[in-house]
Amino acid sequence: MPIIRTDDNVEIYYEELGEGDRIVLCTQCSHDRYTLERELAKRGFHVYLLTNRGFGRSTHVREDYGAHWYDMFAKDVIAFADKMGIDRFIYSGASHGAGAGWHVVLNYPERVICFFAVVPGPHNIDESTLSYRTMSMMGIAPPKPCFRADTTDPRLILRREREDEARRELRESPDYEEVYNSPETRAIDYGRPLRAYETEENVVKALSTIETPTLVIGGMLDTISRPDLMLRTAKALKNCKLVIYSGVGHEMGIFEEVADEAVRFYENLVSTGYFYAPLKEDE
C-alpha cells in the first residue's frame, strides 16, 4: 500500500497518477473517480492524491485538533513533499480539499507554484464553525444531495450517474465500514478552514496576504461555496482568476472544462507570472 509516515507516526495513504516534473498535490478525505486532479494526470501532470489523516486508508486518529485540523492536513502535505523530494508543487483541491489548500498557501507559501481552488469558499466563520459534513450528520444541514443543483441537462445527468455508480461500488466494498465509515472517522469534525482566525474580518485579512497565483472555480448555484464567498475571496487575493459557471452547484461535474481552465492558468503563469496570456506583438 503506498504510504508515507509523518514525524508523528501517522501513515498517509496516497495514489500516484501521471508522470513528469509538473507536480500536483491534493489532500482530501476521499478522492472520487472523476475529479479535476485525475483529469490533470491525463494532460501531462504528475499527480499525487493524499488521503487526510483520520480518513480512508490513512491512519485513523482519535486526537481532536480543534481549530487546527486544516493546519494539520497542510502540514501532512508538506511532510509528504519533503519525503518525496518535492521542492515546489501545484496545489489543487475541491471543497474541504481546497480548505486545506488555504492553509498550505498561508503556512508554506514558498512551496506552492499556484493553487487550483475549486468550490473553495472559504466559509464565513461568523455564520458557523462546523463543517457541512458534521452539520449533515447532526441533521442541521441537508444531506449530500444538496451539493448538487437541479438540472435537466442530459450531459450533467450522465456524469452524475457515473459518479453515483462509482460511489455505490465503494459503499459495497467489503472493507467499506472499517476503512471509510469507522467510529473514529464519523466522530471527526474538522470544522471550517481558517476558523482559528475567529472572525470573517480576520479571514479576509489573511486572504489578502496570499500572493500565490490562485485559480478560483465554482458554480453559480452552489449553496456551500456560495458565489458571494468566492467573489469576496477573489477581491482579497492579489493574483487571482475567478471563474463561475452557471447551472452547476457544489458538485460541479464538469471536470474536463475545469481542467481546461487549470491548464490554461498554469501555462500563462509559466509564461508571464500572471493568470493572463503573454502579450502578442503586432506583426
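One can find the structure itself at the top, above this paragraph.
Everything quoted here is computed from the prediction, not taken from an experiment. (Residues numbered from 1 in each chain as written. Predicted model: local features only at pLDDT ≥ 70, side-chain atom pairs only at ≥ 80, totals over all residues. Heavy atoms only, no water.)

## Remarks on the pattern of salt bridges
This structure, assessed with the given rule, holds 22 salt bridges. The partner of Arg5 in a salt bridge is Glu11, with the nearest N and O atoms 2.6 Å apart. For Arg5, a relative accessible area of 40% gives the class partly exposed. Overlapping salt bridges bring together Glu39, Lys42, Arg43 and Asp260 as one network. (Salt bridge = Lys/Arg side-chain N within 4 Å of Asp/Glu carboxyl O. Buried < 20%, exposed > 50% of the residue type's maximum accessible area, 1.4 Å probe, protein only.)

## Here's the deal with the pairing of strand S8 (residues 240-245)
Across six bridges, the pairing between strand S7 (residues 214-219) and S8 is parallel. By the bridge assignment, Gly218 is partnered in S8 with Ile244. With respect to chirality, the unit in which S7 leads through helix H9 (residues 227-236) into the neighbouring parallel S8 is right-handed. (Pairing = 2+ DSSP bridges. Helix = DSSP H or I, 4+ residues; strand = E, 2+ residues; numbered from the N terminus. Right-handed = clockwise from strand over helix to strand, strands pointing away.)

## Concerning the nonpolar core
Counting residues in each nonpolar core, the largest one holds 47 residues, and the members touching the most others are Leu25, Phe89 and Trp102. The leading source of residues in this core is helix H2 (residues 69-83), at nine residues. Each residue touching Trp102, except ones within four places of it in the same chain, is listed here: Phe115, Ala117, Pro120, Gly121, Pro122, Leu194, Leu207, Ile210, Thr214, Thr233 and Leu237. Counting residues in each nonpolar core, the second largest holds 28 residues, with Val24, Cys26, Leu36 and Ala262 among its members. (Core = buried A, V, L, I, M, F, W, Y, C linked by side-chain atoms within 4.5 Å. Contact = heavy atoms within 4.5 Å.)

## Focus: the pairing of strand S5 (residues 89-94)
Where burial is concerned, most of S5 is hidden: five out of the six residues are buried. Sheet topology places strand S3 (residues 23-28) next to S5; two bridges connect them, and they run parallel. Bridge pairing in S5 links Val24 to Ile90. Bridge count for S5 against strand S6 (residues 112-118) is five bridges, and the pairing is parallel. Paired with Ala94 across the strands is Val118, a residue of S6. As for the winding sense of the linkage, the β-α-β connection from S5 through helix H3 (residues 96-107) to S6 is right-handed.

These values are about where atoms sit, not about what they do.
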